[in-house]
Amino acid sequence: MRAFVGVGRGQFEMQDVPVPEIGDDDILIQLKAAAICGSDVHIYDGSMDPLCGYPVIMGHENAGIIVKRGENVAERWQVGDRVTSENTVDVCGSCYACITGDYVACEERKGMGIAADGILAEYVKIPGKLLRQVPDCIFKIPDNVSFEEAPLLEPAANGYKAIFQEGRLMGGENVVVTGAGAIGLYSAHMAAIGGAAHVILMVRRSTAKDKIATALKMGVTDVIYSDEPETCAEEVIRLTDGFGADLVVETTGVPAVMNTALGLLHVKGRLVRIAINDTPYGYGLNSITLRSIEVIGHLGYNTVSWRNTINLASQGKLDLTSIVTHRISLEDSGHGFDMMVSREAGKVIVTM
Ligand SMILES: [Zn+2]
Ligand SMILES: [Zn+2]
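Residues numbered from 1 in each chain as written. Chains lettered and ligands numbered in written order. Predicted model: local features only at pLDDT ≥ 70, side-chain atom pairs only at ≥ 80, totals over all residues. Heavy atoms only, no water.

Trainee: Explanation requested: the overall build of the protein in the structure shown.
Mentor: In terms of regular secondary structure, the protein is built from 11 helices and 18 strands. Against the 2.2 N^0.38 benchmark of 20 Å for 352 residues, the protein shows a C-alpha radius of gyration of 20 Å, consistent with a compact globule. Taken across its 352 residues, the protein has 53% of its residues classed as buried. As displayed, the protein offers around 15,000 Å² of accessible surface, 51% of which is attributable to carbon and sulfur atoms. Across the protein, the 30 positively charged side chains and the 44 negatively charged ones have centroids separated by 3 Å. (Helix = DSSP H or I, 4+ residues; strand = E, 2+ residues; numbered from the N terminus. Rg over C-alpha atoms; globule rule 2.2 N^0.38 Å. Buried < 20%, exposed > 50% of the residue type's maximum accessible area, 1.4 Å probe, protein only. Areas by Shrake-Rupley, 256 points an atom, 1.4 Å probe, with all protein chains shown as cover. Lys, Arg positive; Asp, Glu negative; His and termini not counted. Charge placed at Lys NZ, Arg CZ, Asp CG, Glu CD.)

Trainee: Help me out: how do you make sense of helix α6 (residues 209-217) in this one?
Mentor: Helical periodicity: at 3.6 residues per turn, an α-helix aligns residues three or four positions apart in one direction. When α6 is considered as a whole, its buried residues turn out to be I212, T214 and A215. Buried residues along α6 cover an arc of 155° about the axis, so they all sit on one side. What points out from α6, more than 90 degrees from its buried face, is the exposed set K209, D210 and K217. Looking at the buried positions of α6, the neighbouring elements they touch are α5 (182-193), β12 (199-203) and β13 (222-225). Positive backbone phi, approximately 120°, marks G219, located one or two places after α6. (Arc of directions from axis to C-beta. Contact = heavy atoms within 4.5 Å.)

Trainee: Looking at this structure, how should I read the side chain of D222?
Mentor: As for its placement among the helices and strands, D222 is situated in strand β13. In this structure, D222 is buried with no salt-bridge partner, the nearest side chain bearing the opposite charge being R238 at 5.3 Å. At 2.9 Å, the side chain of D222 forms a polar contact with the side chain of H198. Setting aside anything within four residues of it in sequence, one finds D222 in contact with H198, V199, I200, L201 and L239. (Salt bridge = Lys/Arg side-chain N within 4 Å of Asp/Glu carboxyl O. Polar contact = N/O pair within 3.5 Å; in protein donor to acceptor, adjacent residues only side chain to side chain.)

Trainee: Explain the packing of aromatic side chains to me, please; I cannot follow it from the model alone.
Mentor: The way to describe two aromatic rings as a pair is by their centre distance and the angle between their planes. Per the stated rule, a full pass over the model turns up 9 aromatic pairs. For the pair Y160 and F164, a centre-to-centre distance of 4.7 Å together with 45° between the ring planes defines the contact as tilted. Here F164 and Y160 lie together in helix α4 (residues 153-166), a separation of 4 residues that amounts to about one turn. An aromatic cluster is present here, built from F4, F12, Y44 and F337 joined pairwise through their rings. Here R82 stacks its cationic end above the ring of F147, 4.6 Å away from the centre of that ring. (Phe/Tyr/Trp six-rings, centres within 6.5 Å; stacked < 30°, edge-to-face > 60°. Lys NZ or Arg CZ within 6 Å of the ring centre and 35° of its normal.)

Trainee: Would you mind going over the coordination of the zinc ion (ligand 1) with me for this structure?
Mentor: Metal coordination angles have textbook ideals: 109.5 degrees for a tetrahedral set of four donors and 90 or 180 degrees for an octahedral set of six. Distances from the zinc ion (ligand 1) to its protein donors, C37 (SG), H60 (NE2), E61 (OE) and E154 (OE), fall within 2.1 to 2.7 Å. One can describe the site at the zinc ion (ligand 1) as irregular: its 4 donor atoms subtend angles covering 77 to 156° at the metal. For the zinc ion (ligand 1), the donor residues sit on a single chain with the sequence spacing C-x22-H-E-x92-E. Of the two residues, H60 and E61, neither departs from the other in class, the shared state being buried. (Donors = N, O, S within 2.8 Å, 3.2 Å for Na, K, Ca; no water. Tetrahedral: all angles 85-135°; square planar, octahedral: opposite > 155°, others 65-115°.)

Trainee: What should I look at first to understand the coordination of the zinc ion (ligand 2) in this one?
Mentor: On the protein side, the zinc ion (ligand 2) has C92 (SG), C95 (SG), C98 (SG) and C106 (SG) as donor atoms, found 2.3 to 2.4 Å from it. For the zinc ion (ligand 2), the 4 donor atoms in the first shell make angles of 104 to 116° at the metal, so the coordination geometry reads as tetrahedral. Take C106: its relative accessible area is 6%, and that puts it in the buried class.

Trainee: Where do I start with the sheet that holds β13 in this structure?
Mentor: Within a beta sheet, neighbouring strands are joined by backbone hydrogen bonds and run either parallel or antiparallel to one another. Reading across the sheet, the 6 strands line up as β13-β12-β11-β14-β15-β16 and stay open at both edges, with parallel pairing between neighbours. Strands at the two margins of the open sheet, each flanked by one partner only, are β13 and β16 (294-297). Each adjacent strand pair in this sheet contributes to an overall mean axis angle of 20°, direction not counted. Looking at chain direction, β12 and β13 are connected through 4 bridges and run parallel. (Pairing = 2+ DSSP bridges. Axes fitted to C-alpha atoms, helices over the stretch in contact; angles between N-to-C directions.)

Trainee: Sorry if this is basic, but what is going on with the pattern of salt bridges here?
Mentor: Under the criterion given, the structure shown has 19 salt bridges. Between R132 and D25 there is a salt bridge, with its nearest N and O atoms 3.7 Å apart. Of this pair, R132 sits in helix α3 (residues 128-133) while D25 sits in the loop between β2 (11-16) and β3 (27-36); the two residues are 107 residues apart in sequence, bridging distant segments of the chain. Among the residues examined, R132 registers a relative accessible area of 56% and is labelled exposed. A residue is classified by how much of its surface remains accessible, and D25, at 28% relative accessible area, is partly exposed. Here the salt bridges share partners, and the residues they tie into one network are R2, D16 and E331.

Right, dumping it as structure tokens:
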């Protein structure tokens, strides 16, 4: 099969590789579409090596059809089912995260395209061990959701978890989302769907106009600029009748943005941190103590996030595709990554 493979740091190529072999417990998915994620770009641009080393098939946001199932696979999965995999390949099954349903935080988790082969290929195997431990590691795609839309359920489920499960949004609350990447935009979208009063997007003044237009289309009500922290605070105070925001979802990982964001919350406000960025922060955190701010770490999603995100999509309540800027073929994967690196592209869909 054809696959887009990382062969060494900064070295990527299309290759012919064997189709994965399927045992009695496994499922084989023929991939139909994928989306390139910012976390895949970290490997492509050499800022991170895959945990499994090279060579590695890239990518994790996916959609396809079950074309083979081992004889021991649960009846609920049949050949011909349209599915999306939530992109885990292996977990330990016995740690605290695994037994409480948050297997994505399992320290032994292997994710596609990062710690195991991914999905920028014609086929991917879902291992039987994982299907036993996490029966919902794949999900059926609703009939009204196309293959090109379905890979976007993954970043949307991230936004779902941040806003509802971790952020515990109540209708009528005021929300600030920092950053206009895919996770930021889907978080803002979920806040709008969940009945937030103001959905305030905090971005750099230099953010492209079309990105702002997409954000407004997806439910953002107001835009503030992180390069002007005083104005941000003033504007949030004005929009919230003097109280401050109830919830901030921080997706940038930029230390100064986090500092500004903490100041936008009212006493006892909630901040969900999605970003992965290890830059030292360089300032004190007494505001968290003195103002009783709740800071919540976010990682991925769980089965509830996926199910509810899919429910919203099946009812036509999700705008999954406004963030898509480019559509390419599997053979052009490298070009897709180049456009992500240069920021020419926002979200790239790859079709097989
Ligand atoms: Zn992703
Ligand atoms: Zn575990």
